[in-house]
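Here are the chains, one letter per residue:
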Amino acid sequence: MTLPRVEPARLDNLREHLATQPRVTIEIGERQLEFMTRHGLFSARALDEGTALLLRELEQLSPLPRILDLGCGYGAIGLTLAARWPESKIEMVDTDIRAVEAANDNAARNRLDNATATLSDGIRDLPRQAIGTYELVVSNLPAQAGNDALDQLLLEAHDALSDGGSLVVVAVNGLRRYLQRRLTLIFGAGRVAKVHQGPRHTVLEAAKLST
């Protein structure tokens, strides 16, 4: 049996299409940040609703010296904060090397020298001396990660924070009650607040206080 021949032009067209990286833009006042993403990364073609909600809520905060973005993707959250707070140091981590490369490329593209991304499973590969020094940890929690993975992220966020620091996360509404219970377990009663609940996403904040 003779199989049909694949036309080289079709392969060339496919390669050309895949070589064109998706783009996302975020406006901060009169400044526009441009992000080059990667095929397959979360929300690669448009800013997702949860991230947009989290960024709006974070606008209410005053600048903080050290910030950690857990699961940074291509840098939408961490780099937006870096642009808003040029005196802050923003560290971003992700388990996906393509996400880390994209985040660092986007930091350079937007001239954000106060932000860097590191390949790390949570906080595992961060310098030991950095643990417990962040005033703010932010994350768009993955909806399909599973309870154990979410617990790990929340616990690592707690450990990464300095006393008096806060974790601010966004998640789909279906996870809200679970996250409130687990955050209360990790951070303590009275230290967890629902910041905003939208049609599909909720922003929660947990404060780490010295015991």
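Residues numbered from 1 in each chain as written. Predicted model: local features only at pLDDT ≥ 70, side-chain atom pairs only at ≥ 80, totals over all residues. Heavy atoms only, no water.

A. Here's a closer look at unusual backbone geometry. Positive phi values are uncommon outside glycine, yet serine 43 reaches one of about 50 degrees. By the element assignment, serine 43 lies in the loop between β2 (31-36) and α2 (49-58). Even without being glycine, arginine 111 reaches a positive phi, approximately 55 degrees. Topologically, arginine 111 is positioned in the loop between α4 (97-109) and β5 (115-119). Note on arginine 111: relative accessible area 67%, which makes it exposed. (Helix = DSSP H or I, 4+ residues; strand = E, 2+ residues; numbered from the N terminus. Buried < 20%, exposed > 50% of the residue type's maximum accessible area, 1.4 Å probe, protein only.)

B. Region of interest: the pairing of strand β8 (residues 192-197). Where β8 and strand β9 (residues 201-207) come together, five bridges link them in antiparallel fashion. Residue histidine 196 lies in a different strand from β9, and its bridge partner there is valine 203. Where β8 hands over to β9, the hairpin turn is made up of three residues, counted between the paired strands. (Pairing = 2+ DSSP bridges.)

C. Molecular detail of the packing of aromatic side chains. Overall, the coordinates contain one aromatic pair when judged by the stated rule. Relative to tyrosine 74, the ring of phenylalanine 35 lies with its centre 5.9 Å away and its plane at 55 degrees, an arrangement referred to as tilted. A residue pair is termed long-range when its members are at least 10 positions apart, and phenylalanine 35 in strand β2 and tyrosine 74 in the loop between β3 (66-70) and α3 (76-84) qualify at 39 residues. Accessibility classification places phenylalanine 35 together with tyrosine 74 in one group, the buried group. Lying across the ring of tyrosine 134, arginine 66 places its NZ or CZ 4.8 Å from the centre. (Phe/Tyr/Trp six-rings, centres within 6.5 Å; stacked < 30°, edge-to-face > 60°. Lys NZ or Arg CZ within 6 Å of the ring centre and 35° of its normal.)

D. Structural view of the nonpolar core. If you look at the biggest cluster of nonpolar residues, it comprises 35 residues, and the most contacted ones within it are Leu58, Leu81 and Met92. With six residues, α3 is the single largest residue contributor to this core. Discounting residues that sit within four places of it in the chain, leucine 58 has contacts with Ile77, Leu81, Arg84, Trp85, Leu136, Val138 and Val168. Core analysis: the next-biggest nonpolar cluster, separate from the first, contains 25 residues, Val93, Leu126, Ala130 and Ala206 among them. (Core = buried A, V, L, I, M, F, W, Y, C linked by side-chain atoms within 4.5 Å. Contact = heavy atoms within 4.5 Å.)

E. Broad picture of the side chain of threonine 202. Positionally, threonine 202 belongs in strand β9. Overall, threonine 202 belongs to the buried group, its relative accessible area being 2%. For threonine 202, the side chain forms a polar contact with the side chain of asparagine 173, separated by 2.5 Å. Those residues in contact with threonine 202 that lie beyond four places of it in its chain are Val169, Val170, Ala171, Asn173, Arg176, Lys194, His196 and Gln197. (Polar contact = N/O pair within 3.5 Å; in protein donor to acceptor, adjacent residues only side chain to side chain.)

F. Examining the packing of helix α5 (residues 147-160) against helix α6 (residues 176-187) more closely. For the pair α5 and α6, interaxial distance at closest approach is 10 Å and the crossing angle is 40 degrees. Judged by the angle between their axes, α5 and α6 are oblique. Judged by the sense of rotation from one axis to the other, the crossing of α5 with α6 is right-handed. Residues Asn147, Asp151, Leu154, Leu155 and His158 of α5 touch α6, and the partners they reach there are Tyr178, Leu179, Arg182, Leu183, Ile186 and Phe187. The residue inventory of the contact of α5 with α6, partitioned by class, reads seven nonpolar, two polar and two charged. (Axes fitted to C-alpha atoms, helices over the stretch in contact; angles between N-to-C directions. Parallel < 35°, antiparallel > 145°, perpendicular 65-115°, else oblique. Left-handed = near helix turned anticlockwise from the far one by under 90°. Nonpolar A, V, L, I, M, F, W, Y, C, P; charged D, E, K, R; others polar.)

G. Examining the layout of surface pockets more closely. Its boundaries defined by the atoms lining it, the largest pocket holds a volume of some 820 Å³. Contributing to the lining of the largest pocket are 41 residues, with Gly71, Cys72, Asp94, Asn140 and Pro142 lying nearest its centre. (1 Å grid on protein atoms, 1.4 Å probe; cavity = no way out; pocket = protein on both sides within 12 Å on 5 of 7 lines; lining within 4 Å. Points joined across faces, edges and corners; volume = space filled by probe spheres on them.)

H. The arrangement of α3 in detail. Across the nine residues that make up α3, a large majority, eight, are buried. Every buried residue belonging to α3 is among Ala76, Ile77, Gly78, Leu79, Thr80, Leu81, Ala82 and Ala83, and all of these are buried.

I. A look at the pattern of salt bridges. Tallied over the entire structure, the rule returns eight salt bridges. Between aspartate 105 and arginine 38 there is a salt bridge, with its nearest N and O atoms 3.2 Å apart. Placement of aspartate 105 in helix α4 and of arginine 38 in the loop between β2 and α2 is noted, with a sequence separation of 67 residues between them. Exposure remark for aspartate 105: the relative accessible area of 39% places this residue in the partly exposed category. Residue arginine 38 is classed as buried on the basis of its relative accessible area, which comes to 15%. In this structure, arginine 66 engages glutamate 91 in a salt bridge whose closest nitrogen and oxygen atoms are separated by 2.9 Å. You can see arginine 66 sitting in strand β3 and its partner glutamate 91 sitting in strand β4 (residues 89-94), a full 25 residues away along the chain. Residue class for glutamate 91 comes out buried when judged on its relative accessible area of 11%. (Salt bridge = Lys/Arg side-chain N within 4 Å of Asp/Glu carboxyl O.)

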